[in-house]
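If you want the building blocks of each chain, they are given just below.
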Amino acid sequence: MCGIAGIFHCGTPKPVDPRRVERMTDAMLHRGPDGGDVWVDHGVGLGHRRLSIIDIEGSPQPMHSSDGRSVLIFNGEIYNFRELRRELRDLGAKFHTDGDSEAILAAWQQWGPDCLTKLDGMFAFAIYDRAEKCLFLARDRFGVKPLFMAHLSDGSVAFASELKGLLAHPLLRREVNPQAIEDYLTWGNVPDHTSILKGVEKLSAGHYRLLRHDQPPAAPVRWWDIDFSQRHKGKTADLSAQLLHLLREGVESRMVADVPLGAFLSGGVDSSSVVALMAEASREPVRTCSIGFDVAALDETSYARRIAEQFGTDHHERIVDPNDFGAVDLLAGMFDEPFADASALPTWRVCQLARETVTVALSGDGADEAFAGYRRQVFHAREEQVRSIFPQSLRRPIFGTLGRVWPKADWAPQPLRAKSTFQSLGAAGEEGYARALSVTPPELREQLYTDAMAKELGGYQAERPLMELMRSAPARSGLDRAQYVDLKFWLPGDILTKVDRTSMAVSLEAREPLLDHRLIEFAAGLPHSARIRGRQGKWLLKHTMERMLPHDVLYRPKQGFVTPIAEWLRGPLQSEALGVATSGVLGETGWFSTSALKLLANQHISGRSDHSRLLWQLIMLDRSLRKLGISA
């Protein structure tokens, strides 16, 4: 696991100052504390910081191919590198190291861009081909590893694993993209299709980019997609057996490491499944770690402890309390772009805990997206049944009107909080799901914006890219489309960003065995009944793991990695909630109405409404702007 950075001149090749590349990589020292180097040639410079995981003594980067033709910088892991090396040897390739990096170089020289389909892993890498005078940039199927790019005033393209790498380049402008603020308030993160800074973009998951010295920068090319349009046939027992085989393959392939390895254990279905399969494949006790909370209703450590005892793991746990809020500035520095998933705080803490004993940790991320484990997916499937019965011409006037007039009563019992359901049923499926996925609905965002900000946005609405993605999904049903956008939009923008930045901040490599692409492709073809039964999501996964895990662990209500932010903002962090409206940084931007912000804080503190997620968004936006030192 590493940090990469580079500069490439399109059009007219110009000399690259190696000190610029070095400054870019040094800004990401946490991603690769074990070593680093820079290589430059006419019109190109590549830099690398290394966290040694496989072939610790060998595989230095930037790495040259055996014939000297190509140069690689690579962030990630290729889990099938041994099989790939054998195939390439049979085709005449020669290797001088024992790691996965050299396999990528040989695969590029054998198959060109098609080499990506041969790679099973998580990665972002750059290969400069000296014969073709081109730079090949690529990102893995799901976007586990990030890659930022910027077009600079001297005609070059700079790229780096994190935005802070680009910020170290003196030609990068620090001007906010107002559309990214709209995206951030909607989703709680800045999605892959945009960036907080104008002129900066991210290479999307499952895409590559081929740049040449004699041509303008080429557009990204999609090399992989997930297909929900097909359905597996067969009995439940056969599907379950196939799933268990794929689960084992995903876990065992990610247990290859030359350094200590462990797992995150929350006590939920996904992490417990990973730990169970690790214990099955390991001769030694699996090292596990868990984070708990000082709010009893949100604490899951007892479930994690139970799984740890069942599988005899070497278990460690730690409690997070409100005083951890003092780390908010550190969080802002980790993410660079504003990031408001409050579970980032405990995720960082569990990464710190894991790093005390291991260098690699396996997580349970990806199963909710692939197997329909989110409540919003289950609700959406049920809402789609209603939509199939009532035409839009009836739904919009009936449910749309109810959604407008029904009070927003966050304090009331769940059955009386029907406003969002009515609003969703009054809309088309993709519009309803965008509302379910969003943190801040459009009508509330409109209340927050000043007239000047609304003018800057020019009618742009953050939900539109997601709805377009949902409409164009290779899918057969509304549930398919919801899972598709969760995998393509939510997963890389939120979940994987959170895990990458918090793990890399402590030089820990996190691996996601449930995101093995063969497992995800299998899950995409499951019939609805294997995904959802009644109100139960991830049905086939839970059914399959009944042979290993306790029934109450598998079928208890889903909780997730929840942080008690709402309670904190009404208690020890109340001053932070009130301070949102008077923040000098947010106030100077001219984006938000001060009176609207004050009202938000007061409504939340009084208990009349739950605005905790939005208040946390605004707090993190404030901290991010301060850290970045950028102007509106």
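This text follows the structure it describes.
In this text, all values refer to a predicted model and were calculated from it rather than measured experimentally.

Analysis parameters
Residues numbered from 1 in each chain as written. Predicted model: local features only at pLDDT ≥ 70, side-chain atom pairs only at ≥ 80, totals over all residues. Heavy atoms only, no water. Pairing = 2+ DSSP bridges. Helix = DSSP H or I, 4+ residues; strand = E, 2+ residues; numbered from the N terminus. Axes fitted to C-alpha atoms, helices over the stretch in contact; angles between N-to-C directions. Right-handed = clockwise from strand over helix to strand, strands pointing away. Buried < 20%, exposed > 50% of the residue type's maximum accessible area, 1.4 Å probe, protein only. Contact = heavy atoms within 4.5 Å. Salt bridge = Lys/Arg side-chain N within 4 Å of Asp/Glu carboxyl O. Phe/Tyr/Trp six-rings, centres within 6.5 Å; stacked < 30°, edge-to-face > 60°. Lys NZ or Arg CZ within 6 Å of the ring centre and 35° of its normal. Parallel < 35°, antiparallel > 145°, perpendicular 65-115°, else oblique. Left-handed = near helix turned anticlockwise from the far one by under 90°. Nonpolar A, V, L, I, M, F, W, Y, C, P; charged D, E, K, R; others polar. Core = buried A, V, L, I, M, F, W, Y, C linked by side-chain atoms within 4.5 Å. Polar contact = N/O pair within 3.5 Å; in protein donor to acceptor, adjacent residues only side chain to side chain.

A. Structural context of the sheet that holds strand β13 (residues 261-264). Spatially, β15-β14-β13-β16-β17 is the arrangement adopted by the 5 strands of the open sheet, whose pairing is parallel. Two strands in the sheet have a free side with no partner beyond their single neighbour: β15 (314-320) and β17 (509-511). Taking the axes of each pair of neighbouring strands and ignoring which way they run, one obtains an average angle of 30° across the sheet. Pairing between β13 and strand β14 (residues 287-293): 3 bridges, direction parallel.

B. Expanded view of the pairing of β13. For β13 and strand β16 (residues 360-362), the ladder comprises 3 bridges, and the chain directions are parallel. Residue pairing for β16: Gly262 is matched across the bridge by Ala361. The parallel pair β13 and β14 is bridged by helix α7 (residues 269-281), and the resulting crossover is right-handed.

C. Quick look at helix α3 (residues 101-111). Of all 11 residues that make up α3, 8 are buried, and the element is covered over most of its length. Of the positions making up α3, those classed as buried are Ser101, Glu102, Ala103, Ile104, Leu105, Ala106, Ala107 and Trp108. Elements in contact with the buried residues of α3: β4 (63-64), β5 (70-78), α2 (81-90), β6 (121-129), β7 (134-139) and β11 (207-212). Positive phi shows up at Gly112, right after α3, with a value of about 65°.

D. Up close: the pairing of β7. β7 sits mainly inside the fold: 6 of its 6 residues count as buried. Taking every second residue as pointing to the same face, both faces of β7 are buried, with Cys134, Phe136 and Ala138 on one and Leu135, Leu137 and Arg139 on the other. Examined bridge by bridge, β6 and β7 share 6 bridges and lie antiparallel to one another. Its bridge partner being in β7, Ala126 is matched across the sheet by Leu137. With 5 bridges connecting them, β7 and β11 associate as antiparallel partners. Across the sheet, the residue bridging to Leu137 is Arg209, located in β11.

E. Representation of the pattern of salt bridges within the structure. Throughout the structure, instances matching the rule amount to 43 salt bridges. The partner of Glu463 in a salt bridge is Arg445, with the nearest N and O atoms 2.9 Å apart. One end of the pair, Glu463, is in helix α18 (residues 463-471); the other, Arg445, is in helix α16 (residues 442-448), with 18 residues separating them in the sequence. Each member of the pair, Glu463 as well as Arg445, carries the same accessibility label: buried. Through salt bridges with shared partners, a single network forms among Arg31, Lys145, Glu162, Lys164, Asp336, Asp500 and Arg501.

F. Structural view of the packing of aromatic side chains. Considering all chains together, one arrives at 12 aromatic pairs under this definition. Ring geometry for Trp39 versus Tyr128: centroids 5.9 Å apart, planes at 45°, classification tilted. Separated by 89 residues along the polypeptide, Trp39 in strand β2 (residues 36-41) and Tyr128 in strand β6 bring together distant segments of the chain. For Trp39, a relative accessible area of 12% puts it in the buried group. With 4.7 Å between their ring centres and 25° between their planes, Trp108 and Phe136 make a pair best called stacked. Of this pair, Trp108 sits in helix α3 while Phe136 sits in strand β7, placing them 28 residues apart in sequence. You can call Phe136 buried: its relative accessible area is 0%. An aromatic cluster is present here, built from Trp108, Phe123, Phe125, Phe136, Tyr208 and Trp223 joined pairwise through their rings. The side chain of Arg85 reaches across the aromatic face of Phe95, ending 4.5 Å from its centre.

G. Representation of the sheet that holds β11. The 6 strands are arranged β4-β5-β6-β7-β11-β12 in an open sheet whose pairing can be described as antiparallel. Since the sheet does not close on itself, it has two edges, and those belong to β4 and β12 (221-222), each with one partner. Docked against the sheet, α3 engages β4, β5, β6, β7 and β11, running at close to 125° with respect to β5.

H. Expanded view of the packing of helix α10 (residues 344-355) against helix α19 (residues 478-504). Look at α10 against α19: their axes get within 9 Å of each other, and the N-to-C directions meet at 40°. Put simply, α10 runs oblique to α19. Both α10 and α19 take part in a crossing whose hand is right-handed. Of the residues in α19, those touching α10 at Ala344, Thr347, Trp348 and Cys351 are Lys498, Thr502 and Ser503. Across the contact of α10 with α19, the residue classes tally to 3 nonpolar, 3 polar and 1 charged.

I. The nonpolar core, seen in detail. The biggest cluster of nonpolar side chains holds 97 residues, and the ones touching the most others in it are Leu116, Phe125, Phe136 and Phe371. Considering each element in turn, this core owes the most residues, 10 residues, to α19. Residues Trp348, Ala577, Val580 and Leu625 belong to the second largest nonpolar core, which totals 80 residues.

J. Spatial organisation of the packing of helix α9 (residues 328-335) against helix α28 (residues 612-628). As a packed pair, α9 and α28 sit with axes 9 Å apart at the nearest point and diverge in direction by 65°. The pairing of α9 with α28 is recorded here as roughly perpendicular in orientation. α28 is crossed by α9, and the crossing has right-handed handedness. On α28, the residues that touch Val328, Asp329, Leu331, Ala332 and Gly333 of α9 are Ile619, Met620, Arg623, Ser624 and Lys627.

K. Representation of the environment of Arg435 within the structure. Among the secondary structure elements, Arg435 is positioned in helix α15 (residues 429-437). With 56 residues separating them along the chain, Arg435 and Phe379 place their C-alpha atoms 12 Å apart. Among the polar contacts made by the side chain of Arg435, one reaches the side chain of Glu443 at a distance of 3.0 Å.

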